[in-house]
Amino acid sequence: MTLPVEFHDIAKRVNNWGRWGADDEIGTLNLITDDVVRAAAAEIRTGRRVPLALPLREDGVQTGLIPGRVNPLHAMVQINQEIFGPGTVACSDDIVTMGLQAGTHWDALTHVSHSGKLYNGRPAATVTAHGGAEFSGIDKARHVVSRGVLLDVARARGVDRLAGDHAVTPQDLDAAEELAGTRVRAGDVVLVRTGQVQVYLSGDKHGYGYPSPGLSVRTPEWFHARDVAAVADDTLTFEIFPPEIEDLWLPVHALHLVEMGMLQGQNWNLEKLSTACGETGRYAFLLSAMPEPFVGGTGTPVAPVAVL
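Once a new chain begins, its residue numbering starts again from 1 and follows that chain's sequence as written. Restriction of local features to residues with pLDDT of at least 70 applies here, the model being predicted, together with a cutoff of 80 or more for giving and counting side-chain atom pairs; totals for whole chains, interfaces and linings are based on all residues. Note that water and hydrogens are dropped before the side-chain values are worked out from all heavy atoms of the structure.

Which parts of the structure should I look at to understand the overall build of the chain?
A count of helices and strands for the chain gives nine helices and 15 strands. Each radius of gyration reported is based on C-alpha atoms, and the globular scaling rule is 2.2 Å times the count of residues to the power 0.38. Taking 308 residues into account, the globule formula puts the C-alpha radius of gyration at 19 Å, and the chain, at 20 Å, falls close to it. Projected onto the principal axes, the alpha-carbon positions of the chain cover approximately 70 × 50 × 40 Å. Total accessible area on the chain stands at roughly 13700 Å², and carbon and sulfur atoms take up 54% of it. Taking the 25 positively charged and 37 negatively charged side chains of the chain as two groups, their mean positions are separated by 6 Å. We count a stretch as a helix when DSSP gives it H or I for four or more residues in a row; a strand needs E for two or more, and each element gets its number in order from the N terminus. Methods summary: accessible areas were calculated by the Shrake-Rupley approach with a probe of 1.4 Å, and residue burial reflects only the protein chains presented. Positive charges are assigned to Lys and Arg, negative charges to Asp and Glu, while His and the chain termini are left out of the count. Here the site of a charge means atom NZ of a Lys, CZ of an Arg, CG of an Asp or CD of a Glu.

Set out below in structure tokens:
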């Protein structure tokens, strides 16, 4: 099935291919300049730190819907072992096997393709079984530290959690931006709160994934117009699921990652941040969300922290 004309029309309007040169591999992260980071540091008023990652655990958010994306499998390989001989310092070591997108994570630009292409027009075939992503692997996203802005869509709509069939629209983002009392600027990382992660935190991980509110196919143009560097939210699928346009699966992924070259994040816990921002009346902060540099990875776990 071919992608509809509506999708291709939006893709043309948000496309960033060649904007930072034919060899570019990081897309909108180019918008996080030294000046942007200096300005972001000025958002720190109290030093209050709010962690935004879900715990990595064997009974995590994954349900088996996506083949191979397993929750972390943790095992001990040494327990108080005196590896240098009796009476020496004893060591404990452990290993983890997991999907790189299993928990709170960033999607790399190579996480999806469409029409045989990746960001900047590179062939989708450059992602291989042995090497992973030849171009635009998550290791190329060397630093994600910028001004973060929480767009608390749920709070702006006067609810604790959006309904499962709610597609977050540009109008929703406008309302949340008004609530935040600050305009989203070039190089910002936007965090969109739907409240959906509450379903997972309550113990219903199947209900967390489906049905789920999420971003509408109409929102990429909003982020493109404001030159946003990256977007993350508090849902499993990022965009509304099932999709708002019948049989058009993951169009927002394709528009963000392939057309715009913009990182997107899923499974971020924005509940404590929502409380903190509501208490202070401030929705902008310094955000540190450094990717783990897995060479050739199409995603990575991340432990983001907002500093208010």
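Even after reading the chapter, I still don't get the packing of helix α1 (residues 5-14) against helix α8 (residues 251-260), so can you show me in this structure?
The axes of two packed helices give the description: the angle between them and the distance between them. What counts as an axis is a line fitted to C-alpha atoms, over the stretch in contact for a helix, and the angles between N-to-C directions run from 0 to 180 degrees. In the contact formed by α1 and α8, the axes pass within 10 Å of each other and the chain directions differ by 35 degrees. Read as a crossing pair, α1 and α8 show a hand that is right-handed. Counted together, Phe 7, Ile 10, Ala 11 and Val 14 of α1 and Pro 251, Ala 254, Leu 255, Glu 259 and Met 260 of α8 form the full contact between these two elements. For the contact of α1 with α8, the class distribution of residues is eight nonpolar, no polar and one charged. Each crossing gets its hand from how the near helix is turned against the far one by less than a right angle, where anticlockwise is left-handed and clockwise is right-handed. By definition, residues are in contact when any of their heavy atoms lie within 4.5 Å. Residues are sorted three ways: Asp, Glu, Lys and Arg are charged, Ala, Val, Leu, Ile, Met, Phe, Trp, Tyr, Cys and Pro are nonpolar, and all the rest, Gly among them, are polar.

Can you help me understand the pairing of strand β9 (residues 189-193) in this one?
A regular strand places its side chains on the two faces of the sheet in alternate fashion. Working definition: with a 1.4 Å probe on protein chains only, accessible area under 20% of the residue-type maximum means buried, over 50% means exposed, and in between means partly exposed. Across the five residues of β9, five count as buried, placing the element largely inside the fold. Side chains Val 189, Leu 191 and Arg 193 of β9 all project onto a buried face; the interleaved residues Val 190 and Val 192 project onto the opposite face, where all are buried too. DSSP-based pairing: two strands are paired if at least 2 bridges between them are found. As paired strands, strand β7 (residues 145-152) and β9 are joined by five bridges and run parallel to one another. Counted as the bridge partner of Val 149 is Val 190 from β9.

For this particular structure, what's the right way to read the layout of surface pockets?
Rolled over the atoms, a probe sized like a water molecule indicates the empty space that remains. The computed volume of the largest pocket comes to approximately 240 Å³. Of the residues contributing to the lining of the largest pocket, the split by class is seven nonpolar, seven polar and one charged. Buriedness of a pocket was judged along seven lines, with at least five required to meet protein on both sides within 12 Å; pockets are open sets of points on a 1 Å grid over the protein atoms alone, cavities are sets where a 1.4 Å probe fits but cannot get out, and lining residues have an atom within 4 Å of a point. Grid points are joined across faces, edges and corners, and a volume is the space filled by probe spheres set on the points.

How should I be thinking about the confidence of the model for the chain in this particular structure?
Keep in mind that low pLDDT regions are not for reading the predicted coordinates in detail. pLDDT is a residue-level measure of predictor confidence that goes from 0 to 100. Confidence along the chain averages 97 in pLDDT terms, with 100% of residues attaining 70 or more. Element-level mean pLDDT values for the chain span from 95 in helix α6 (residues 205-209) up to 99 in β9.

Just checking my understanding: could you explain the packing of aromatic side chains for this structure?
Aromatic rings considered in pairs are described by the distance between their centres and by the relative angle of their planes. Each aromatic pair joins two rings of Phe, Tyr and Trp (for Trp, the six-membered one) with centres within 6.5 Å, and gets the label stacked for planes under 30 degrees apart, edge-to-face for over 60, and tilted for any other angle. Inspection of the entire model under this criterion finds five aromatic pairs. Here Tyr 210 and Phe 241 contribute two aromatic rings whose centre-to-centre distance is 5.9 Å and whose plane-to-plane angle is 75 degrees, an arrangement assigned as edge-to-face. Residue Tyr 210 is found in the loop between α6 and β10 (214-215), and its partner Phe 241 is found in the loop between β11 (230-233) and α8; the two are separated by 31 residues along the sequence. With a centroid separation of 5.7 Å and an interplanar angle of 55 degrees, the aromatic rings of Phe 241 and Trp 249 are classed as tilted. These aromatic residues form a ring-pair network of at least three members: Tyr 210, Phe 241 and Trp 249. Charge over a ring is defined by NZ of Lys or CZ of Arg lying within 6 Å of the ring centre and within 35 degrees of the ring normal. The aromatic ring of Phe 135 is capped on one face by Arg 122, whose charged end is 4.4 Å from the ring centroid. Stacked on the ring of Trp 222, the Lys or Arg Arg 226 has its end atom at 3.8 Å from the ring centre.

Explanation requested: the sheet that holds strand β1 (residues 49-51) in the structure shown.
In a beta sheet, neighbouring strands are held together by backbone hydrogen bonds and run either parallel or antiparallel to one another. Here we have nine strands laid out as an open sheet, ordered β1-β15-β13-β7-β9-β11-β12-β4-β14, and mixed in their pairing. The two strands at the open ends of the sheet, each matched to only one other strand, are β1 and β14 (299-301). Direction aside, neighbouring strands of the sheet carry axes that sit 25 degrees apart on average. Pairing geometry for strand β4 (residues 105-107) and β14, over three bridges, is antiparallel. Note on β14: the bridge partner recorded for Asp 107 is Gly 299. This element, α8, spans β4 and β12 (263-266) of the sheet and lies at about 140 degrees to β12.

What's the story with the environment of Ala 102 in this structure? I'm lost.
Tracing the backbone through its elements, the reader meets Ala 102 in the loop between β3 (91-97) and β4. Owing to a relative accessible area of 1%, Ala 102 belongs among the buried residues under this scheme. The sequence separation of Ala 102 and Val 70 amounts to 32 residues, and the corresponding C-alpha distance is 6.3 Å.

Honestly, α1 in this entry has me stumped. Any pointers?
An α-helix turns once every 3.6 residues. As a result, residues three or four positions apart point the same way. Three or more residues of α1 are buried, namely Phe 7, Ile 10, Ala 11 and Val 14. Viewed end-on, α1 has its buried residues packed into an arc of 105 degrees, placing them on one side of the element. What points out from α1, more than 90 degrees from its buried face, is the exposed set Val 5 and Lys 12. Considering only its buried residues, α1 is in contact with α7 (220-225) and α8. What the arc describes is the spread of directions from the helix axis to the C-beta atoms.

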